[in-house]
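Close look at the chain arrangement
Spelled out from the first residue to the last, the chains are:
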Amino acid sequence: AERRRARARLASFYGGGDGAAGEDAAAEDDMDIDGSAFNADRYVSNLLQYKSLEQIVQRGNSMVSEIKSLDSDMQMLVYENYNKFISATDTIRAMKHRVEDMEGQMSQLEANFGMITSASDSVSSAFSARRSQLEKLNGVKKNLTKLQFLMDLPARLQRCVDDGHHSLAVKCYAKARRMLSAVGHVASFEGIRTESALIMRNLNKQLTARLQDEAHLDAEMLGDTIYLLLKLQGNEESLLKEYLSRRRRDIHERMAAFVSSVPKAAEDGAVRQGEEGAEGDGDDDDGDDDDSLPPAAAFVKQLCEAIVPQLLQVHSAWHSRFMGADGEQRDDESAAPSAPSEELKEQMLLEMLSESTGALIDVCRSRLSEEQVPPSELLSGLHRLLIGLGPLHEAAPAAKLLVRVAKAADALARHAIDERVSAMQAGLAECVANISKLDDDGRPSAEELHARLNGAIASVSELVRHALGDTAPLLVPLCEMINLRADSMAKHLVNGMYNALQAMARAATAPSSSARDVLLRAGLCMHMAAAGVAQVPTLLKSQLSPHGLGGAALGFDGAAMTREMGRARDALMQSFVEMQAQKLSRLVSERVSSTNWLVCPAPRAVTGLVQLVVSELRQMQTLAAQLFPAEPVRALLPQGPFPAASSVMQLVQQRTRQSNSSSSAITKDLQRMFTRKISFGASEGKATLAGMLTHVTKLALKTMLEEVRVATFGCAGFQQVQVDCSMLRWVLAPTSNDEEAVLALLDEIFISCQDRCLDCVPMEQPVVEALCESERQRLLLSLA
């Protein structure tokens with residue numbers, strides 16, 4: 001507001017436009033001290049009425065300051081205007097002196113021009129009488145020169161043909177042909193015309209024979225021959241096609257010779273260049289020496305140096321000889337209506353350049369797609385290819401050569417990404433396979449298994465990180481070089497990573513005969529499902545974000561891959577449990593079926609059957625505990641006091657005669673209980689160590705039950721089964737997470753044994769407890 005008032009005051013003082021523009025707004029307010037309608041009496045009256053003495057004094061002081069400020073601004077403006085006025089005066093004085101000098105120079109210049117005009121008029125008047133005569137004599141001289149040229153034409157043409165100056169002969173004949181057509185009505189020139197035409201026909205035959213007989217004419221001679229035949233009224237379209245066909249064949253042969261010479265040149269330490277590559281300018285845009293370039297990049301550079309100059313020579317020769325020629329050729333073309341147009345000629349050239357360049361790109365792509373070419377060398381090779389084809393692209397942009405390079409580069413980049421992802425996939429498969437080699441070392445300890453599993457997990461992370469480190473830095477420089485979309489390449493990399501991990505899951509679920517191998521594979525898949533898969537998007541983002549491609553990492557479906565690894569984990573755990581259950585069931589079946597329960601001695605201890613079951617379950621528990629480090633391990637030892645006899649055993653011990661219907665009812669209840677599918681929860685993703693152990697235990701007891709049902713027992717055999725079942729109840733029930741089912745299976749075994757016993761006399765419970773206590777002490781000593 002203060003600045004606006006100061007500007008308005010200055011404007012009103014000097015009468016400027018800003019003050020005038022603000023009058024309309026200020027005129028309506030007579031209390032505005034800066035306005036034109038300001039009423040001093042009313043302003044003072046208003047101050048005295050509404051302001052205190054202190055405020056009136058402050059306002060007076062501020063007005064004094066404003067007056068001083070306006071005086072200072074006015075003095076500064078006067079000073080600046082005075083300086084400008086003095087400067088303008090000096091400038092006008094200098095211009096006055098210069099204009100006075102210029103007037104004298106202009107007067108002298110005007111006098112000089114007048115003298116020149118007078119001299120020119122006098123010369124023109126002196127020669128005007130003889131000008132027409134000189135022009136007539138000059139025309140006679142030109143006609144005599146033409147006549148002399150026509151009279152000497154046959155001899156001149158024959159001499160040029162004999163001396164091999166075919167181009168000069170064709171040029172002279174073309175020049176004379178227009179003269180002869182002008183004087184064709186004169187009979188004396190008919191002989192000259194006939195003789196000259198005969199000489200040219202013979203030359204035409206000679207050039208045609210050279211073109212047909214010499215299959216490997218050099219580029220210069222081929223171009224000259226075709227050019228002369230065209231001048232001699234040859235079939236232009238067929239001759240042009242012949243020229244392009246021979247040049248194309250020659251370039252392909254040069255490429256084949258270069259590629260075949262690479263192995264020999266590599267032994268000598270350098271690849272030999274073609275002769276034409278050495279004859280070219282040989283300038284390198286960045287001055288790299290072949291020895292400092294990677295082998296693949298050096299191959300591309302030298303191939304381009306050998307072939308691109310040939311293509312440039314074709315382009316230059318075509319335009320200089322067959323397009324945009326002088327008036328003589330245009331006259332010939334007008335005499336041949338069927339001759340190809342300029343547009344058709346250009347199209348023929350572009351097709352030849354495109355095809356030959358495509359062959360060159362294919363050779364380079366074949367070399368750069370070799371398995372041993374690293375991404376950095378691929379990038380360098382493509383850079384050399386772009387540099388090599390740059391001059392040809394500038395000469396013939398309509399051929400769209402860089403489009404073909406971009407397509408080849410895109411295919412090469414995807415191939416390089418696929419190679420790195422395939423290497424990662426092979427490494428992941430090797431990590432899975434290396435776990436299988438554990439069985440070759442016998443029975444490694446739990447610590448060794450845990451270390452090997454951690455090593456496999458670390459190897460998987462390192463393989464993923466290494467594959468990303470090799471490919472991610474390649475994407476942006478390559479795409480910037482050939483104007484491709486980097487996000488498309490990044491998505492291809494992300495899809496490749498996903499497919500590689502998916503292949504790892506499939507490799508992990510491959511059939512195996514080793515339970516330990518299956519378990520460790522399950523542990524690897526468990527880690528991948530829990531943490532390993534989640535690391536992949538993080539690694540992708542960390543590698544791609546510096547290049548502006550972090551969004552592509554979102555394309556990795558971590559949830560789907562986690563489910564994939566979870567399914568593999570569950571399948572492997574299920575397979576491990578089934579293998580352990582089958583192994584234990586087979587051992588139980590062999591032990592039960594091989595024992596003669598009719599004549600066995602009276603029980604003195606538990607049998608080896610119990611020791612076998614406990615030993616196998618403990619080994620499985622120790623092995624499977626590596627997958628569940630956070631889950632407490634329940635010791636396979638008798639826990640707490642000896643369990644009381646079950647209701648079934650009590651019924652047998654009391655020797656109560658149960659009816660068949662009652663026994664059958666118990667059996668049916670148990671059968672209904674176990675008609676359900678035995679599962680340890682892996683399919684629901686809730687697998688636990690206790691659940692796996694319980695599953696194997698129940699399947700082993702099921703097997704024992706089936707064997708008991710087909711065996712025949714004596715009194716001692718029945719008592720031995722009673723002791724063994726009591727010991728198993730003491731050991732297995734506390735370690736199971738389905739205690740009811742385990743106890744029911746043991747009761748079912750005892751009931752089936754009673755049904756198959758010829759003399760059913762059970763042992764007293766204290767005797768059974770004493771035998772089991774003895775076995776408990778033995779187990780404790782074995783673990784001490």
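Sequence order sets the numbering: in each chain, residues are counted from 1 along the sequence as written. Only residues with pLDDT of at least 70 get local features here, since the model is predicted, and only at 80 or more are side-chain atom pairs given and counted; chain-wide, interface and lining totals rely on the full set of residues. Excluded from the side-chain calculations are hydrogens and water; all other atoms, namely the structure's heavy atoms, are used.

1. Examining the overall build of the chain
Operational definition: Secondary structure follows DSSP: runs of H or I at least 4 residues long count as helices, runs of E at least 2 residues long count as strands, and numbering of each begins at the N terminus. We call a residue buried when its accessible area falls under 20% of the maximum for its residue type, exposed when it is over 50%, and partly exposed in between, using a 1.4 Å probe and counting protein chains only. Contacts are residue-level and defined by heavy atoms, with any inter-residue pair within 4.5 Å sufficient. Methods summary: accessible areas were calculated by the Shrake-Rupley approach with a probe of 1.4 Å, and residue burial reflects only the protein chains presented.
When its secondary structure is counted, the chain shows 26 helices and zero strands. The burial tally for the chain puts 41% of its 784 residues in the buried class. A fraction of 80% describes how many contacts in the chain between residues 6 or more apart in sequence connect residues 24 or more apart. Summed over its atoms, the accessible surface of the chain is roughly 42,100 Å², and 53% of this surface lies on carbon and sulfur atoms.

2. Considering the pattern of salt bridges
Heads up, the rule is: In the sections that follow, a salt bridge refers to a side-chain nitrogen of Lys or Arg positioned within 4 Å of a carboxyl oxygen of Asp or Glu.
Applying the stated criterion across every chain, the model contains 24 salt bridges. One salt bridge in this structure joins R248 and E355, with 3.3 Å as the shortest N-O distance. Pair noted here: R248 is in helix α9 (residues 236-268) and E355 is in helix α13 (residues 342-368), with a separation of 107 residues, a long-range link. Judged by relative accessible area, R248 falls into the partly exposed class, the value being 25%. Residue E355 is classed as partly exposed on the basis of its relative accessible area, which comes to 33%. Among the salt bridges present, the one from D738 reaches K698, with a minimum N-O distance of 3.2 Å. Taken as a pair, D738 in the loop between α24 (715-735) and α25 (739-755) and K698 in helix α23 (residues 689-710) lie far apart in primary sequence, 40 residues in all. When its relative accessible area of 8% is taken as the criterion, K698 is described as buried.

3. A few points about a positive patch on the surface
Counted only if it meets this: Like-charged residues within 9 Å of one another, or nonpolar side chains (Val, Leu, Ile, Met, Phe, Trp, Tyr) within 5 Å, are grouped into patches, provided each residue has over 30% relative accessible area and no salt bridge. The convention is simple: Lys and Arg are positive, Asp and Glu are negative, and His and the chain ends are not counted. Think of each charge as sitting on NZ of Lys, CZ of Arg, CG of Asp or CD of Glu.
Taken together, the side chains of K142, K146, K171 and K175 make up a positively charged region of the molecular surface. Going through the elements one at a time, α4 (53-151) and α6 (166-182) are the ones with two or more residues in the positive patch. Examined against the element boundaries, K142 turns out to sit in helix α4.

4. Concerning unusual backbone geometry
Phi is positive for K400, which is not a glycine, with a value near 55°. Among the secondary structure elements, K400 is positioned in the loop between α14 (375-395) and α15 (401-436). Overall, the relative accessible area of 54% leaves K400 in the exposed class.

5. Examining the packing of aromatic side chains
Here a ring pair, both rings aromatic, is described through the centre-centre distance and the interplanar angle of the planes. For clarity, the cut-off: Planes of paired rings set the category: under 30 degrees apart is stacked, over 60 is edge-to-face and the rest tilted, where pairs are Phe, Tyr or Trp rings (Trp by its six-membered ring) whose centres lie within 6.5 Å.
All chains considered together, the criterion is met by nine aromatic pairs. Ring geometry for Y243 against F322: centres 5.2 Å apart, planes inclined by 70°, an arrangement best described as edge-to-face. Of the two residues, Y243 is situated in helix α9 and F322 in helix α11 (residues 295-322); the sequence distance between them amounts to 79 residues. What makes Y243 buried here is its relative accessible area of 0%. With a centroid separation of 5.1 Å and an interplanar angle of 35°, the aromatic rings of F718 and F750 are classed as tilted. Taken as a pair, F718 in helix α24 and F750 in helix α25 lie far apart in primary sequence, 32 residues in all. The buried category is assigned to F718, whose relative accessible area is 0%.

6. Focus on the nonpolar core
This is how the line gets drawn: Nine residue types can take part in a nonpolar core, namely buried Ala, Val, Leu, Ile, Met, Phe, Trp, Tyr and Cys, and a core is a set of them joined through side-chain atoms within 4.5 Å.
Ranked by internal contacts, the top residues of the largest apolar core, which has 193 residues, are M565 and F576. The element that contributes the greatest number of residues to this core is helix α18 (residues 515-544), accounting for 15 residues. Apart from the residues lying within four places of it in its own chain, the contact partners of M565 are L501, M504, A505, C525, M528, A529 and V533.

7. Describing the packing of α13 against α14
We count it as follows: Lines are fitted to the C-alpha atoms to define the axes, a helix being fitted only along its stretch in contact, and any angle between axes, read from their N-to-C directions, falls within 0 to 180 degrees. Angles are sorted into four bins: roughly parallel if under 35 degrees, roughly antiparallel if over 145, roughly perpendicular if 65 to 115, and oblique for all others. Crossing handedness follows the turn of the near helix against the far one: under a right angle anticlockwise gives a left-handed crossing, and clockwise gives a right-handed one.
Viewed as axis vectors pointing N to C, α13 and α14 meet at an angle of 165°, and their least axial separation amounts to 11 Å. Taken together, the axes of α13 and α14 are roughly antiparallel relative to one another. Between α13 and α14 lies a crossing whose hand is right-handed. Packed against α13, whose contacting residues are L353, T357, L360, I361, C364 and L368, the element α14 presents E377, L378, G381, L382, L385, L389 and L392 at the interface.

8. Digging into the environment of S62
The criterion, for reference: Distance and chemistry together define a polar contact, namely a pair of N or O atoms within 3.5 Å, with one atom able to donate a hydrogen and the other to accept it when in protein, and with adjacent residues in sequence counting only for side-chain atoms on both sides.
The topology assignment puts S62 in helix α4. With a relative accessible area of 25%, S62 lands in the partly exposed category. Within the local environment of S62, its side chain forms a polar contact with the backbone oxygen of R59, the two atoms lying 2.6 Å apart.

9. Describing the packing of helix α17 (residues 486-508) against α18
Let me state the cut-off plainly: Under this grouping Gly is polar, as are all residues other than the nonpolar Ala, Val, Leu, Ile, Met, Phe, Trp, Tyr, Cys and Pro and the charged Asp, Glu, Lys and Arg.
Relative to each other, α17 and α18 sit at 170°, their axes nearing to 12 Å. As summarised for this structure, α17 and α18 are arranged roughly antiparallel, according to the angle between their axes. Between α17, through A490, L493, V494, M497, L501, M504, A507 and A508, and α18, the contact on the second element is made entirely by R521, L524, C525, M528, V536, L540 and L544. For the contact of α17 with α18, the per-class residue count stands at 14 nonpolar, no polar and one charged.

10. Let's talk about helix α8 (residues 219-231)
We apply this condition: Expected helix span is given by 1.5 Å per residue-to-residue step, counting one fewer step than there are residues.
Compared with an ideal rise of 1.5 Å per residue, which puts 13 residues at 18 Å, α8 spans 18 Å between its outermost C-alpha atoms and is within 8% of the ideal. Listed in full, the buried residues belonging to α8 are A219, L222, G223, T225, I226, L228, L229, L230 and K231. The opening residue of α8, the one whose side-chain oxygen lies 3.2 Å from the backbone nitrogen of E220, is D218.

11. Examining the side chain of E616
Within the secondary structure, E616 sits in helix α20 (residues 608-624). On the accessibility criterion, E616 (14% relative accessible area) is buried. Setting aside residues up to four positions removed in sequence, E616 forms contacts with K583, L584 and L587.

12. Describing the side chain of S261
Its place among the elements puts S261 in helix α9. Exposure remark for S261: the relative accessible area of 11% places this residue in the buried category. One polar contact links the side chain of S261 to the main-chain carbonyl oxygen of F258, over a distance of 2.7 Å.

13. Brief notes about the confidence of the model for the chain
Test applied: What pLDDT reports is the predictor's confidence in each residue, on a scale of 0 through 100.
Residues with a pLDDT of 70 or more make up 81% of the chain, whose mean pLDDT is 77. Put simply, helix α10 (residues 275-279) is where the chain has its lowest mean pLDDT, 39, and α23 is where it has its highest, 89. Segment residues 325-337 is flagged for pLDDT under 50; beyond a separation of four residues in sequence, or across chains, it makes 18 contacts in the model.

14. Brief notes about the environment of K583
With respect to the helices and strands, the residue K583 is situated in helix α19 (residues 558-593). Between the C-alpha atoms of K583 and E616, which are 33 residues apart in sequence, the distance is 9.0 Å.

15. Here's the deal with the state of the cysteines
Counted only if it meets this: When two cysteine sulfur atoms lie within 2.5 Å, the pair is treated as a disulfide.
Going through the model one piece at a time under the given rule, you end up with zero disulfides. Note on C160: no disulfide assigned, nearest cysteine sulfur contributed by C172 at a separation of 5.4 Å. On the accessibility criterion, C172 (10% relative accessible area) is buried.

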